[in-house]
Amino acid sequence: MTSVESVARIETDRLVLRERLPSDAEAWGPLLTDPDFRRYVPVRRSTESPADRARRTLDALMQRWQSDPLDAVGWVITLRDDGTVMGTGGVDTAEDPGDREIDYMLGKPFWGQGFGREAAHAMARFVLEHLSFRRLIAYIVPGNEASIRIAEGLGLRYERDVNYLEFFPEPSQIELSSPVTRMYAAKREQITLRDGFYRVSGPASTVVPAADSNESAPPG
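We now turn to the structure provided with this report.

About the criteria used
Residues numbered from 1 in each chain as written. Predicted model: local features only at pLDDT ≥ 70, side-chain atom pairs only at ≥ 80, totals over all residues. Heavy atoms only, no water. Helix = DSSP H or I, 4+ residues; strand = E, 2+ residues; numbered from the N terminus. Buried < 20%, exposed > 50% of the residue type's maximum accessible area, 1.4 Å probe, protein only. Contact = heavy atoms within 4.5 Å. Pairing = 2+ DSSP bridges. Axes fitted to C-alpha atoms, helices over the stretch in contact; angles between N-to-C directions. Core = buried A, V, L, I, M, F, W, Y, C linked by side-chain atoms within 4.5 Å. Phe/Tyr/Trp six-rings, centres within 6.5 Å; stacked < 30°, edge-to-face > 60°. Lys NZ or Arg CZ within 6 Å of the ring centre and 35° of its normal.

Moving on, we come to the environment of Lys187. Residue position: Lys187 is located in strand S10 (residues 180-187). Its relative accessible area of 39% is what places Lys187 among the partly exposed residues. With residues near it in sequence (within four places) discarded, Lys187 still touches Arg134 and Arg135.

Before going further, it helps to examine the sheet that holds strand S1 (residues 9-12). Strand order in this open sheet of nine strands is S8-S10-S7-S6-S5-S4-S2-S1-S11, and the pairing throughout is mixed. At either margin of the open sheet sits one strand with a lone partner, and together these are strand S8 (157-163) and strand S11 (198-201). With direction set aside, neighbouring strand axes in the sheet form an average angle of 25°. Helix-sheet contacts for helix H1 (residues 24-32) involve strand S2 (15-18), strand S4 (73-79), strand S5 (85-93) and strand S6 (99-106), and the interaxial angle to S5 is about 90°.

A word on the nonpolar core. Within soluble globular proteins, side chains that are nonpolar generally end up buried alongside one another. By size, the foremost hydrophobic cluster in this structure holds 51 residues, and its most contacted members are Val73, Trp75 and Phe126. Sorting elements by how many residues they give to this core places helix H4 (residues 115-130) first, with nine residues. Counting residues in hydrophobic clusters, the runner-up holds six residues, among them Ile137, Tyr139, Val162 and Met183.

In this section: the packing of aromatic side chains. One pass over the structure, following the stated rule, counts four aromatic pairs. Here Trp75 and Phe126 contribute two aromatic rings whose centre-to-centre distance is 5.4 Å and whose plane-to-plane angle is 85°, an arrangement assigned as edge-to-face. Here Phe126 lies in helix H4 and Trp75 lies in strand S4, a separation of 51 residues in the sequence. The pair Trp75 / Phe126 is uniform in exposure class, with both members buried. Ring centres of Tyr158 and Tyr184 lie 5.9 Å apart, and the angle between their planes is 70°; on these two criteria the pair is classed as edge-to-face. Of this pair, Tyr158 sits in strand S8 while Tyr184 sits in strand S10; the two residues are 26 residues apart in sequence, bridging distant segments of the chain. Residue Tyr184 is classed as buried on the basis of its relative accessible area of 2%. These aromatic residues form a ring-pair network of at least three members: Trp65, Trp75 and Phe126. The ring of Phe133 carries the charged tip of Arg188 above its face, separated from the ring centre by 4.5 Å.

Geometric descriptors of this kind do not, in isolation, establish any biological role.
Have a look at this one:
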């Protein structure tokens, strides 16, 4: 299991993106079961309790930090003021070795307040500074207008429709409102970032800059 000491911590104006803690599963589990939340994310059919499902997904998120050199990352997203668990997010490897997929999930109580945008821009800034990749991509279920606006705000543009279920080894076990999902993408030099407070802390092994590249982009 990934050590919490291996996870970089990000602070923004209102958020803290951090490693998972033992208590997070109890907080995240109920948010995962909300029907409106499940409209927009693939969910594996399971008889697990909400806490067990949350624990499994959080463990998988933290495993992204195990690669060397680092090529995928993930965080628990919390409110900076009081530590409330709001959701999860990160950047993962993709079908094309040069691509990285940005993903985030916020519980319904935190929708419509700009938290998704703030988290997405923080994660994108971190990977621009610390991971090597060619493009940043996102898969968005049609109808998820908030996520489309966030992707476009990062500079991602619609590229094509895909059958998202094809990415899963057992697609029959996945619940998704529509398998047709819209793919958005941007080359790393096309990514645009919001202004605002941003601070990273953590072990040097996880916050070293990515290798120099002609495609690197400064924080905006």
